[in-house]
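So the chains spell out like this:
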Amino acid sequence: MKHQKFLTPLAFALGLTGAGAAMAQTLTMGVRGGPESMDPHFSALGSHAEAAKHIFDTLVWSGTDLQIEPGLATSWTPVDDDTWEFKLREGVKFHDGSAFDAEDVKFSIERIPVVTGPTTTAIYVRRVAGVDIIDPHTIHIHTDGQAATLPNDFIRLFIVSSEAAADYSTPETAAQGFNSGAATIGTGPYKFVSWEPKGDLVLTRNDDYWRGMGPWETVIRKEIPNDSSRLAALKAGQVDVINYVSSIDYLALEQDPNIDAVIGDSVYIMNLQLDQREKTPLVRAIDGSALAENPLRDLKVRQAIDFAIDRDTMVDIVLEGLGKPANQMMPPDFFGSNTDIPMPAYDPAKAKALLAEAGYPNGFEVDLYCTADRLPGDGAICQGLGQMLTQVGIKTNVNAISKTVYFPAQARLEYSMFMNGWGTLTGEASYTLGALAHSNDPEVKLGAFNRIEYKNAEVDALLQSAATMMDADQRRATYEEAMAKIMADKAYISIVQLQTVWGAKAGALKFEPRFDEDTLAFFITPAN
């Protein structure tokens, strides 16, 4: 990493708006993205879950480094081949004063598949076949076979009040109940006050929170999608802390003594995804005419695309050093990542030769879609990809668009070539490979986010087998084998692992960056 000023601290001092005793009463956060609704079960996007964590607790907690820890469940144990027992935390109250118990867990599990949106949260309960309440603080979760990673999946199982949400648990009623606040009753560190879509989420402290009282009486999360505007708000004293400082702004901060920043490695990998359908909508010949076949189905074409990508330039120039080249769909050392997979070489001459061998000596034209407002550098990486592919003969029209447009269109299979970040939030391969690389098969509840119709029968068999293995070493080896096959197929091409920068005025506030990039008010504390 070239830039050393901000690299060493994991906790840093920040200045807050206001003066004197009022300083610790309100924390105003400038965030790049906010929730899509206040229903925690609607979307699996990170920005949605980040907001939800202020109000709702999850059954299992994911720590700073993604290690699983007790949340509303204090322990979990497999009791037979297809049953887990979860012991629930006693004495926990919802924001309306009602007691949390097993009914709320069962209700939340069963509610998710009903109300989830296009970026589905059903992946977090896909292994659940049934729930039995043993007593108010004990539940048995029955699974569709052995499910070693069920506790990992439950890091995104947000628990809502079965009483408050009872009338707001259909696709027609959920948004009304949660966006108005009627059903936005959690057990988390802050209570819902108000929310303006694409604007401010206002929260007030839950003084009876089971972890202890948070440091801020009021939290305001301001959604400011534009990176420059977010930094300007920080400099003007309108916000106290911001996430996703851009690589360009990060360089400027080196010369600004009034702003402190901290860098953290991110769980997110940027993946290029190539449609494998026989007919794909947004690929054509250079002259604009239709092609007889989808060229992205040809392995040589996919290999050519991989050879065209200069990952070092993408990191050093496009991201100004805020990232690392990636060779697979998870960060190194995650459960199931494969150390034997080589880093792809950059060889534009080889790319051109492969295109010619595949029957495209003059290349072809494609529309590339990606998000421009979700993760650090997503739009810039997309532009860089477009230039690199065009240089080897694949004329690439770049469309970097809002995530609110991108993800629904992706779910409708409208794209031929697209790129977005994916984070292995559970720390293990079943989450990522099961969602993306298994063929989309509702019967086995795998492939929910496979939007390119990728299918490799050997990969499917490996993933189905690994999902039922209780032996960790055997499961790891099986996922490593699957990862090698997936990356060799080149339908998913991993580009970079991101790094994330937070910024604030120099002062006195402690913050430790999380691997999942969440910015959580409860864990931001005054230094003294």
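Bear in mind the structure is a predicted one, so any value in this text is a computation, not a measurement.

## What about the overall build of the chain?
A tally of regular secondary structure across the chain gives 14 helices and 20 strands. The C-alpha radius of gyration computed for the chain amounts to 23 Å, which stays within 12% of the reference 24 Å derived for 528 residues, consistent with globular compactness. Projected onto its principal axes, the C-alpha positions of the chain cover 70 × 60 × 45 Å. When contacts within the chain are restricted to residue pairs at least 6 apart in sequence, those whose partners lie at least 24 apart make up 71%.

## Quick notes on the state of the cysteines
Per the stated rule, a full pass over the model turns up one disulfide. Here Cys370 connects covalently by a disulfide to Cys382, the sulfurs 2.2 Å from one another. Sign of the S-S torsion, about -115° for the bond between Cys370 and Cys382, identifies this disulfide as left-handed. Here the residue Cys370 occupies a position in strand 15 (residues 364–371), and Cys382 occupies one in helix 10 (residues 378–391), the gap between them amounting to 12 residues.

## Looking at empty space enclosed by the protein
Using the criterion set out here, one finds eight cavities of 30 Å³ or more in the structure. Considering only enclosed or pocket space, the largest cavity measures out at about 200 Å³ in volume. At the level of elements, strand 12 (259–274), helix 11 (403–411), strand 17 (417–423) and helix 12 (429–436) are the ones that each hand at least two residues to the lining of the largest cavity. By residue class, the composition of the lining of the largest cavity is 10 nonpolar, seven polar and one charged. Viewed by domain, the lining of the largest cavity spans two of them, domain 1 (28–240 + 508–526) and domain 2 (265–499), each represented by three or more residues. Estimates place the volume of the second largest cavity at around 150 Å³. The wall of the second largest cavity is formed by 16 residues, among which Gly46, Ser47, Tyr244, Arg374 and Leu375 lie closest to the centre. Per-element accounting of the lining of the second largest cavity gives the leading share, three residues, to helix 1 (residues 46–52). Along the lines of polarity and charge, the residues of the lining of the second largest cavity split into four nonpolar, four polar and eight charged. Residues from two domains meet in the lining of the second largest cavity; each of domain 1 (28–240 + 508–526) and domain 2 (265–499) gives at least three.

## Quick word on the sheet that holds strand 7 (residues 138–143)
On the basis of which strands lie adjacent, the open sheet formed by four strands has the order 4-5-7-6 and antiparallel pairing. Here the strands that pair on one side only, and so sit at the sheet edges, are strand 4 (73–80) and strand 6 (128–135). The mean angle between the axes of side-by-side strands here comes to 20°, regardless of whether they run parallel or antiparallel. Pairing analysis gives five bridges linking strand 5 (residues 83–88) to strand 7, with the strands arranged antiparallel. By the bridge assignment, Trp84 is partnered in strand 7 with Ile141. Those strands touched by helix 2 (residues 102–115) are strand 5, strand 6 and strand 7, and its axis lies near 170° from that of strand 6.

## So, the layout of surface pockets
Each pocket or cavity is described by its volume, and for the second largest pocket that value is around 330 Å³. In terms of lining residues, the second largest pocket is bounded by 20 residues, among which Ala122, Ile123, Val125, Arg126 and Lys445 are the most central. Contributing elements (two or more residues each) for the lining of the second largest pocket: helix 2, strand 6 and helix 12. Class assignment of the residues belonging to the lining of the second largest pocket gives a composition of 11 nonpolar, five polar and four charged. Shared between two domains, the lining of the second largest pocket holds at least three residues of each, these being domain 1 (28–240 + 508–526) and domain 2 (265–499).

## Notes on helix 14 (residues 472–489)
Side chains three or four residues apart in an α-helix point the same way, a direct result of the helix having 3.6 residues per turn. Between the first and last C-alpha of helix 14 there are 26 Å, a value that for 18 residues agrees with the 26 Å anticipated at 1.5 Å per step. All of the buried residues in helix 14 are Arg475, Thr478, Tyr479, Ala482, Met483, Ile486, Met487 and Asp489. Down the axis of helix 14, the buried set is contained in an arc of 165°. They therefore lie on one face. One side-chain oxygen at the N-terminal end of helix 14 lies 3.3 Å from the backbone nitrogen of Asp473; it belongs to Asp471. Directly beyond the C-terminal end of helix 14, a positive phi value near 65° is found at Lys490.

## Side note on the nonpolar core
Phe86, Phe154, Leu272 and Ile305 are the most contacted members of the largest nonpolar core, which has 107 residues in total. The residues touching Leu272, leaving out its near neighbours within four places in the chain, are Ile305, Ile309, Leu368, Leu385, Met417, Phe418, Met419, Ala491, Tyr492, Ile493 and Ile495. Among the nonpolar cores identified, the runner-up in size contains 45 residues, and Ala183, Tyr190, Leu509 and Phe522 belong to it.

## Some thoughts on the packing of helix 12 against helix 14
Their axes nearest at 11 Å, the elements helix 12 and helix 14 cross at an angle of 40°. Between helix 12 and helix 14, the crossing angle belongs to the class labelled oblique. As for the relative orientation of helix 12 and helix 14, their crossing is left-handed in sense. Facing helix 12, whose interface residues are Ala429, Ser430 and Leu433, helix 14 presents Tyr479, Ala482, Met483 and Ile486. Looking at the contact of helix 12 with helix 14 residue by residue, the class counts come to six nonpolar, one polar and no charged.

## Examining the pairing of strand 17
Summarising burial for strand 17: seven of the seven residues are buried, a large majority. Burial along strand 17 is two-sided: the face carrying Met417, Met419, Gly421 and Gly423 and the face carrying Phe418, Asn420 and Trp422 are both buried. Relative to strand 17, strand 12 runs antiparallel, the two sharing seven bridges. Residue Tyr268 lies in a different strand from strand 17, and its bridge partner there is Gly423.

## Looking at the UniProt feature "domain: Solute-binding protein family" (unreviewed entry) in the chain
What UniProt calls "domain: Solute-binding protein family" (unreviewed entry) maps, in this numbering, to residues 67–440. Secondary structure across residues 67–440 comprises 26% helix and 25% strand; the distance between its end C-alpha atoms is 28 Å.

## Considering the domain arrangement of the chain
In terms of domain boundaries, the chain breaks down into domain 1 (28–240 + 508–526) and domain 2 (265–499). One C-alpha centre belongs to domain 1, the other to domain 2, and the line joining them spans 29 Å. Counting residues at the interface gives 33 residues for domain 1 and 33 residues for domain 2. Buried area between domain 1 and domain 2, both sides added, is near 2,800 Å², and the carbon and sulfur share of it is 58%. When the buried area of domain 1 at its contact with domain 2 is split by residue, Arg32, Arg126 and Phe515 rank highest and sum to 23% of it. Across the domain 1-domain 2 interface, the total number found is one salt bridge. If you look at where domain 1 meets domain 2, you find 10 residue pairs in polar contact (both at pLDDT 80 or more). Its residues assigned to classes, the side of domain 1 that touches domain 2 shows 13 nonpolar, nine polar and 11 charged.

What counts, and at which threshold
Note that residues are indexed from 1 along each chain, following the sequence as it is written. Only residues with pLDDT of at least 70 are given local features in this predicted model, and only at 80 or more are side-chain atom pairs given and counted; all residues enter the totals for whole chains, interfaces and linings. Only hydrogens and water are removed before side-chain values are computed, so all heavy atoms of the structure are retained for them. Helix and strand definitions here come from DSSP, where helices need a minimum of 4 consecutive H or I residues and strands a minimum of 2 consecutive E residues; each element is numbered from the N-terminal end. With C-alpha atoms as the basis for the radius of gyration, the globule rule is written as 2.2 Å multiplied by the number of residues raised to the power 0.38. Any two residues whose heavy atoms approach within 4.5 Å at even a single point are treated as in contact. Working definition: a disulfide is two cysteine sulfur atoms within 2.5 Å of each other. The distinction between a cavity and a pocket rests on a 1 Å grid over the protein atoms alone: a 1.4 Å probe fits inside a cavity but cannot get out, while a pocket stays open yet meets protein on both sides within 12 Å along at least five of seven lines, and a residue with an atom within 4 Å of a point counts as lining. Grid points are joined across faces, edges and corners, and a volume is the space filled by probe spheres set on the points. Any residue that is not Ala, Val, Leu, Ile, Met, Phe, Trp, Tyr, Cys, Pro, Asp, Glu, Lys or Arg is counted as polar, Gly included; the first ten are nonpolar and the last four charged. These domain boundaries are the output of an automatic or database domain assignment. At least two DSSP bridges between two strands are required for those strands to pair. In this description, a line fitted to the C-alpha atoms serves as the axis of each element, helices being fitted only across the stretch in contact, and the angle between N-to-C directions of two axes falls anywhere from 0 to 180 degrees. What a helix should span is 1.5 Å times the count of its residues minus one. Categorising residues by exposure relies on relative accessible area from a 1.4 Å probe, with only protein chains included: less than 20% of the type maximum marks a residue as buried, more than 50% marks it as exposed, and the intermediate range marks it as partly exposed. In this description, the arc belongs to the directions extending from the helix axis to the C-beta atoms. Any N or O atom pair separated by 3.5 Å or less is treated as a polar contact, with the protein-specific requirement of one donor-capable and one acceptor-capable atom, and with residues adjacent in sequence counted only for side-chain atom pairs. We call a set of buried Ala, Val, Leu, Ile, Met, Phe, Trp, Tyr and Cys residues a nonpolar core when their side-chain atoms join them within 4.5 Å. Should an angle fall under 35 degrees it is called roughly parallel, over 145 degrees roughly antiparallel, and 65 to 115 degrees roughly perpendicular, with every other angle called oblique. Here is the rule for handedness: rotate from the far helix to the near one, and if that takes an anticlockwise turn smaller than a right angle the crossing is left-handed, while a clockwise turn gives right-handed. UniProt positions are given in the numbering used here, feature names are shortened, and annotations may be inferred rather than shown by experiment. In short, buried area is how much 1.4 Å probe accessible area vanishes from two parts on joining, totalled over both. A side-chain nitrogen of Lys or Arg and a carboxyl oxygen of Asp or Glu constitute a salt bridge if their distance falls within 4 Å.

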